[in-house]
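Geometric and topological summary
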Amino acid sequence: MKKIIFALVFLVGSYSYGQNYRTYDYSNGNGQNSNQNNNNQNNNNFNDSPPNPRPSFELATGIQLYNFKGNFTDVTNAYTGTVYPSLYFIYSIMVSSNIPIRKINNNFYLGLNPNISLGYGSGAFAGDLPVYLTLKYGAGSFRGCQKPFGLGVGAGAMLSGVTTTLGDNYDAIPYSTFYVAPAAMAEISFDVGYGNIYQIRTDFTPVPVSKLTANYQGNISQICIRIMRIF
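These numbers were taken from a predicted model, which means no experiment stands behind them. (Residues numbered from 1 in each chain as written. Predicted model: local features only at pLDDT ≥ 70, side-chain atom pairs only at ≥ 80, totals over all residues. Heavy atoms only, no water.)

As for the packing of aromatic side chains
This model, assessed by the stated rule, comprises 8 aromatic pairs. An angle of 70° between the planes, with centres 5.3 Å apart, marks the rings of Phe-68 and Tyr-88 as edge-to-face. Taken together, the residues span a long stretch of sequence, with Phe-68 in strand E4 (residues 56–74) and Tyr-88 in strand E5 (residues 79–105) at a distance of 20 residues. An identical accessibility class is assigned to Phe-68 and Tyr-88; each is buried. When the centroid spacing of 5.9 Å and the interplanar angle of 70° are considered together, the rings of Phe-68 and Tyr-216 count as edge-to-face. Note that Phe-68 is positioned in strand E4 and Tyr-216 in strand E12 (residues 216–230), a separation of 148 residues in sequence. As far as the burial class goes, Phe-68 and Tyr-216 line up, both buried. Taken together, the ring pairs connect Phe-68, Tyr-88, Tyr-175 and Tyr-216 into an aromatic cluster. The ring of Tyr-198 carries Arg-229 above its face, with NZ or CZ at 5.3 Å from the centroid. The cationic tip of Arg-229 hangs over the ring face of Phe-231; the distance from NZ or CZ to the ring centre is 4.8 Å. (Phe/Tyr/Trp six-rings, centres within 6.5 Å; stacked < 30°, edge-to-face > 60°. Helix = DSSP H or I, 4+ residues; strand = E, 2+ residues; numbered from the N terminus. Buried < 20%, exposed > 50% of the residue type's maximum accessible area, 1.4 Å probe, protein only. Lys NZ or Arg CZ within 6 Å of the ring centre and 35° of its normal.)

Set out below in C-alpha cells:
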C-alpha cells in the first residue's frame, strides 16, 4: 500500500512540471503557433491537430491481476494439485510512448503504443512488453491536444514473464514462465488544466494463454488497471 501511495503522490506531484502545450492556428493556412498571433487571438479559429504531432511519453502505476486455473505437479514429491481460479495482485510501474502515425480527422489519430512494465506482489515478479496499434480521440491522442477529454482503444500483443508460487502453504511449487499473448487496451483521458493530462487505462488478454508443461497444465490470463501521467 505504501508503494501505491508513493507512486500516486509522484504522479500528482508532477502536475506543476507538466508540459506547456501549445495550440495551433490554421485560419491563415500556414499552421502558425497561436503565440505569434496574440494581437488577433479573439478572431482566430483554432485547431488542436498539428500536421506532424510529436510522440508523447507516459508514466503509470497500477495493479496487475494474474489468474491461474489448472493443475500443477510437484515432480520432487510426486504430488499433483489443483490451482483454483485465483487472482495474484502485483503492483507495477510502466513507461510507454504514444506515437501518432496517421491523422484520421481533427484530434483523431491512428498510432503505435509500445510499453514496458515491471511489478512485484503476492510473492511474484512480473514483466510485460505490450505493443498496441491504437485509435485515440481527444486528450491524449497527440502531444499538445487541447481537448479536455479523450478516449482510446488498442489491440496488439504482449511478451510477458512471471515468477510465482502455485498451490497453497502446504503443497506449493515455484513456477516461472514466459509467453506471447494477444492483448487489448482501453483508456479514458482527462486534461486537468494547463495541458496536464491523466489517463485511466485497462490492459487485458482477451484469450487465456494455455500452458502444457511438466509442472503446470492450465491457463493464464491477466488484466491490468493503471493511472497514467502524460508528458
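Continuing now.
Some remarks on the nonpolar core
In terms of nonpolar packing, the biggest core is built from 17 residues, with Tyr-66, Phe-68, Leu-166, Tyr-216 and Ile-220 touching the most fellow members. Among the secondary structure elements, those contributing two or more residues to this core are E4, E5, strand E7 (124–138), strand E8 (149–167), strand E9 (172–191) and E12. (Core = buried A, V, L, I, M, F, W, Y, C linked by side-chain atoms within 4.5 Å.)

Some remarks on the environment of Ala-155
Relative to the helices and strands, Ala-155 is located in strand E8. For the pair formed by Ala-155 and Leu-112, sequence separation is 43 residues and the distance between their alpha carbons is 9.9 Å. Those residues in contact with Ala-155 that lie beyond four places of it in its chain are Val-131, Tyr-132, Leu-133, Ala-183 and Ala-184. (Contact = heavy atoms within 4.5 Å.)

Things to note about a nonpolar patch on the surface
Together, Val-95, Ile-116, Leu-129, Leu-159, Phe-178 and Val-180 line one region of the surface with nonpolar side chains, adding up to about 580 Å² of accessible area. Tracing the chain through its elements places Phe-178 in strand E9. (Patch = residues over 30% accessible without salt bridge, like charges linked within 9 Å, V, L, I, M, F, W, Y side chains within 5 Å. Areas by Shrake-Rupley, 256 points an atom, 1.4 Å probe, with all protein chains shown as cover. Salt bridge = Lys/Arg side-chain N within 4 Å of Asp/Glu carboxyl O.)

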